[in-house]
Amino acid sequence: MLIYDSACPDNFRAMVRNAIGPIRTNPHLIRLPVDVRQGLSHVLDGDATYPCSIPSRSVMIGYDGKQYSGLGPSAYTAGACIWICRRTFDEGQARVNAVLLHELIHVLCGAELDSEVFENMMFHGAGATLPDPNDIRTFALKNWTGRWVRILKRGNDVVVRDPMGGDYQIPADWVAALTAQGALQGIPTV
Ligand SMILES: [Zn+2]
């Protein structure tokens, strides 16, 4: 269940509520590991069966009205509290969908790499943004490994491997972003 900060304007709260459907019925949801899907269901549908470390099924949605320019964060998360910044609402419903999914992965204790990969699997070209230079530095520091996924090179491809052994070929614009950051060489080869 999502609990809304009363400081969040009504129309923005409605945008968060309207993001639940595009996450729960997303055609790419099936590509996410089963425990991620169970975790999302646990929070968004109130499914009580997920044996996770979240003390309650409730996630607070806070509102940060100070971050409204093109700079600064889209959202941030601590424990089971997600703050969504004004700029995200200004960018429209598709962006809110992608940002809510990204932050819910953090609530489920996913690393930046997990959040970025799952956001792009589900909302590439529909609200997802490319990893920025800070994200790419974080991926490298964590040895290209998240809680669920790893980035690997295989031939000329850059792939993401999930715990079920699935391969997800990362989009060309991700490869371009990694190349621009000089990060491709550091990625382990299969
Ligand atoms: Zn993140």
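Higher on the page you've got the structure.
Being a predicted model, the structure only gives us computed values, none of them experimental.

### Side note on the sheet that holds strand β6 (residues 157–161)
Within the open sheet, the three strands sit side by side as β5-β6-β7. Their pairing is antiparallel. Each of the sheet's edge strands pairs with one partner strand only, and the pair in question is β5 (150–154) and β7 (167–169). Sheet twist, expressed as the average angle between the axes of neighbouring strands with direction ignored, equals 35 degrees. One ladder, built from three bridges, connects β6 with β7; its direction is antiparallel. Opposite Arg161, over in β7, you have Asp167 as the bridge partner.

### Notes on the pairing of strand β4 (residues 81–85)
The pairing of strand β2 (residues 59–64) with β4 spans five bridges and is classified as parallel. Bridge pairing in β4 places Asp64 opposite Cys85. Here strand β3 (residues 75–78) pairs with β4 via four bridges, running antiparallel. From the neighbouring strand, Thr77 faces β4, where its bridge partner is Ile82. Taken together, β3 and the strand that follows it, β4, pair antiparallel across an intervening segment of two residues, in which Gly79 is found at a positive phi of about 55 degrees.

Rules of the game
Residues numbered from 1 in each chain as written. Predicted model: local features only at pLDDT ≥ 70, side-chain atom pairs only at ≥ 80, totals over all residues. Pairing = 2+ DSSP bridges. Helix = DSSP H or I, 4+ residues; strand = E, 2+ residues; numbered from the N terminus. Axes fitted to C-alpha atoms, helices over the stretch in contact; angles between N-to-C directions.

These figures come from the coordinates and say nothing about function on their own.
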